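# Analysis of the macromolecular model
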Amino acid sequence: MARTAQNAKYRGSIHDFPDFDSNQDAEALYTAMKGFGSDKESILELITSRSNRQRQEICQSYKSLYGKDLIADLKYELTGKFERLIVNLMRPLAYCDAKEIKDAISGVGTDEKCLVEILASRTNEQIHQLVAAYKDAYERDLESDIIGDTSGHFQKMLIVLLQGTRESDDVVSEDLVQQDVQDLYEAGELKWGTDEAQFIYILGNRSKQHLRLVFDEYLKTTGKPIEASIRGELSGDFEKLMLAVVKCIRSTPEYFAERLFKAMKGLGTRDNTLIRIMVSRSELDMLDIREIFRTKYEKSLYSMIKNDTSGEYKKALLKLCGGDDDAAGQFFPEAAQVAYQMWELSAVARVELKGTVRAADDFNPDADAKALRKAMKGIGTDEATIIDIITHRSNAQRQQIRQTFKSHFGRDLMADLKSEISGDLARLILGLMMPPAHYDAKQLKKAMEGAGTDEKALIEILATRTNAEIQAINKAYKEDYHKSLEDALSSDTSGHFRRILISLATGNREEGGEDRDQAREDAQVAAEILEIADTPSGDKTSLETRFMTVLCTRSYPHLRRVFQEFIKMTNYDIEHVIKKEMSGDVKDAFVAIVQSVKNKPLFFADKLYKSMKGAGTDEKTLTRVMISRSEIDLLNVRWEFIEKYDKSLHEAIEGDTSGDFLKALLALCGGED
């Protein structure tokens, strides 16, 4: 249905009910609660179909008609989570927030997560209304109550947010952006200890637009996102509050999408969080939250609520959600650009890539060779020394150690290591000892030998390596196995999948920037092959070849532009459309290319997470990624891992592996975030 111009920006899921009559609704609710039992279906249907403004009018009419308090009657008739949800819907938003905060600080203990969520996400106007509502409802001063229930820097930041004095978005100064970046850097990374007051002042008062520019410049200046510095410099509830503020500055709907996902994932549901968000965002930005939820988690908010709740409670939540977005890839027009910006802002081109393994200072190959020989000589093996040396040297230094070992002892270090260590540790250490191209060549060979093919390993390597890396792999493969990589792929794969792999294996991806006119043409090809173009043209086979050419040979900057043009043209995200329209290995290959172009460190963070998720560990993938990214971008992978999964890579490895294999992996990981 077309929306009027003044409503074009409305992103809520609940609208004013047409032909609204507050007296008629009050009568209907009275009837639904009259007599033995109550008609819960009628209650939820009516209340979730009215806007908050209309619900307040219903409350007034109910009191005028029956001399009774509607909220009190609803509390009496309903129970449990359903009652909490319906009663929250009947309160004005400011009073709903006031009640949530009162509950959070009443009794034994404090619900810090509730305080963080509300105060980090509300606008100045919403904060002022909240303070007034708290005073009106409880005859108490909210600031005094928060001071009485919290402490330290956490308390100070809450009080700053409670003032509701954040500058408006038109207040942006380029000189001040640079100054704030410098002040934050000096307050954290460059200081012994941390000057928390600078973080509080800047993040608590500057406008959202200003802070977005600060975050961009901070990344360029320091090589790390502001979130990584906050995690490194702050701790406890204060750290969580500051991270929530940063997330809301970047994208409030994305913050709430993440909160909703965490409220429902795993065993049990955090119903208070689920209710609070669904109620508070239903008339603000629920459509954006839904779209971002599907983009991030590849499932609709609607379907997750449906699978995680039950009864009238479920029905009411689904009404607030407002619709199911499980037609994967389809975007609300206004949210299409929001979704694009989510990954464009973190695109690799804007981030300095950093490994976790660097060349050792004061490197002495002679001493290392002797120490390794000693660690393997005699009865037993000193695994700790082997791990310490090999995980703290760059690959180039390891090659020098191999040469020195042979010169000194007339022995092959690789052969000695093979005879002394075994299992997962052996695969990891021996992999680290190989030059990167030879290691990748070996992984490709293993993926193709024996019964069956490990298509995921082929895709992971060929879809993510640079031209120079691919060319080095080709040379190493020929040298080690006396056969070209192309011939090996040809004999072990087939059809369109084979053509994709061979195209990637040529290492001929363009390396220039973007060509906007060509990008529009390429986006049109993608739209036609994925069958969402308005006017398809050309035969299917020709289009498939052109689509493969686009994804396998265009430069990364150009492909980012293609993906943006695709969204503008279709209101679809290309990754989701590929997942919906394609299948099998071809789909997996194209998705890997798209994800790698969007954000390669995030692609590898996902691979690592999946290798350790659920029962059992995929040690081969875990080992391959940790080795291959350790000197390239493993630090960036770590940052993406904790950002997406809310746990550090270090913590995941620690919980999923053991023994010397664990020690070696943690050494490569390079630290706890």
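Residues numbered from 1 in each chain as written. Predicted model: local features only at pLDDT ≥ 70, side-chain atom pairs only at ≥ 80, totals over all residues. Heavy atoms only, no water.

Selection criterion: UniProt positions are given in the numbering used here, feature names are shortened, and annotations may be inferred rather than shown by experiment.
Going by what an unreviewed UniProt entry lists, the chain is known as Annexin and is assigned to Nannospalax galili. You can read under Sequence similarities (unreviewed entry) in the UniProt record for the chain the words "Belongs to the annexin family." Taken verbatim from the UniProt record of the chain, the Function (unreviewed entry) comment is "May associate with CD21. May regulate the release of Ca(2+) from intracellular stores."

## Examining helix α9 (residues 142–149)
For clarity, the threshold we go by: Between buried and exposed lies partly exposed: a residue is buried under 20% and exposed over 50% of the maximum accessible area for its type, with that area taken using a 1.4 Å probe on protein chains only. A run of H or I in DSSP becomes a helix once it reaches four residues, and a run of E becomes a strand once it reaches two; helices and strands are each numbered from the N terminus. Arc definition: it is the arc formed by the directions from the helix axis to the C-beta atoms. Residues are treated as being in contact if the distance between any of their heavy atoms lies within 4.5 Å.
Buried within α9 are the following residues: Leu-142, Asp-145 and Ile-146. Within α9, the buried residues cover an arc of 95° as seen down the axis, which keeps them to one side. Turning to α9, the residues buried within the fold contact α6 (93–105), α7 (112–121), α8 (124–138) and α10 (152–162).

## Focus on the side chain of Arg-373
Basically, it comes down to this: Here the positive residues are Lys and Arg and the negative ones are Asp and Glu; neither His nor the chain ends is included. For this document, the term salt bridge refers to a Lys or Arg side-chain nitrogen within 4 Å of an Asp or Glu carboxyl oxygen.
Structurally, Arg-373 can be placed in helix α21 (residues 365–376). Of the side chains with opposite charge, Asp-416 lies nearest to the buried Arg-373, which makes no salt bridge, at 4.0 Å. Residues in contact with Arg-373, not counting those within four places in the same chain, are Phe-405, Phe-409, Arg-411 and Asp-416.

## Considerations on the nonpolar core
Just so we agree on the cut-off: Side-chain atoms within 4.5 Å link the members of a nonpolar core, which is a set of buried Ala, Val, Leu, Ile, Met, Phe, Trp, Tyr and Cys residues.
Core analysis: the largest hydrophobic core is formed by 101 residues, its most contacted members being Phe-547, Phe-590 and Met-626. No other element matches helix α35 (residues 584–612), which puts 13 residues into this core. With sequence-adjacent residues up to four places away left out, Phe-590 is seen in contact with His-496, Ile-500, Phe-547, Met-548, Leu-551, Ile-578 and Met-582. Counting 95 residues, the second-largest nonpolar core is a separate cluster that includes Leu-70, Phe-154, Ile-226 and Ala-257.

## Concerning the environment of Glu-528
Assignment of secondary structure puts Glu-528 in helix α31 (residues 516–529). Glu-528 sits in the buried class, given a relative accessible area of 9%.

## Structural notes on a positive patch on the surface
Here is the rule: Each patch is built from salt-bridge-free residues with over 30% relative accessible area, joining like charges within 9 Å and nonpolar side chains (Val, Leu, Ile, Met, Phe, Trp, Tyr) within 5 Å. Areas reported as accessible are Shrake-Rupley estimates using a 1.4 Å probe. Residue values count occlusion only from the protein chains shown. Here the site of a charge means atom NZ of a Lys, CZ of an Arg, CG of an Asp or CD of a Glu.
Residues Lys-113, Lys-240, Lys-265, Arg-270 and Lys-647 make up a contiguous surface patch of positive charge. Checked against the element boundaries, Arg-270 lands in the loop between α15 (236–264) and α16 (271–281).

## Section: the packing of aromatic side chains
Filter applied, for reference: Between the rings of Phe, Tyr and Trp (Trp by its six-membered ring), a pair exists once the centres lie within 6.5 Å; its type follows the angle of the planes, with under 30 degrees stacked, over 60 edge-to-face, and the other angles tilted.
In the structure shown here, the tally under the stated rule is 16 aromatic pairs. Here Tyr-185 and Tyr-218 contribute two aromatic rings whose centre-to-centre distance is 6.4 Å and whose plane-to-plane angle is 85°, an arrangement assigned as edge-to-face. Here Tyr-185, found in helix α11 (residues 174–187), pairs with Tyr-218, found in helix α13 (residues 208–222); they are 33 residues apart in sequence, far enough to count as distant. Owing to a relative accessible area of 1%, Tyr-218 belongs among the buried residues under this scheme. Ring centres 3.7 Å apart and planes at 5° place the aromatic pair Tyr-609 and Tyr-645 in the stacked group. Of this pair, Tyr-609 sits in helix α35 while Tyr-645 sits in helix α37 (residues 634–645), and the two are 36 residues apart along the sequence. Residue classification places Tyr-609 among the partly exposed residues on the basis of a relative accessible area of 25%. What makes Tyr-645 buried here is its relative accessible area of 14%.

## Section: the packing of helix α25 (residues 423–433) against helix α36 (residues 619–629)
As a reminder, the rule being used: For helices, the fitted line uses only the C-alpha atoms of the stretch in contact; every axis is such a line through C-alpha atoms, and the angle between N-to-C directions lies from 0 to 180 degrees. Should an angle fall under 35 degrees it is taken as roughly parallel, and over 145 as roughly antiparallel, whereas 65 to 115 is taken as roughly perpendicular and any remaining angle as oblique. Handedness of a crossing is defined here by the sense of rotation of the near helix relative to the far one, left-handed for an anticlockwise turn of less than a right angle and right-handed for a clockwise turn. Charged means Asp, Glu, Lys or Arg here, nonpolar means Ala, Val, Leu, Ile, Met, Phe, Trp, Tyr, Cys or Pro, and polar covers whatever is left, Gly included.
Taken N-terminus to C-terminus, the directions of α25 and α36 make an angle of 25°; their axes are 10 Å apart at the nearest point. By the criterion of interaxial angle, the relationship of α25 to α36 is roughly parallel. The element α25 and its partner α36 pack so that their crossing is right-handed. Within the contact between the two elements, α25 uses Asp-424, Arg-427, Leu-428, Gly-431 and Leu-432 and α36 uses Glu-619, Thr-623 and Ile-627. Split by residue class, the contact of α25 with α36 holds three nonpolar, two polar and three charged.

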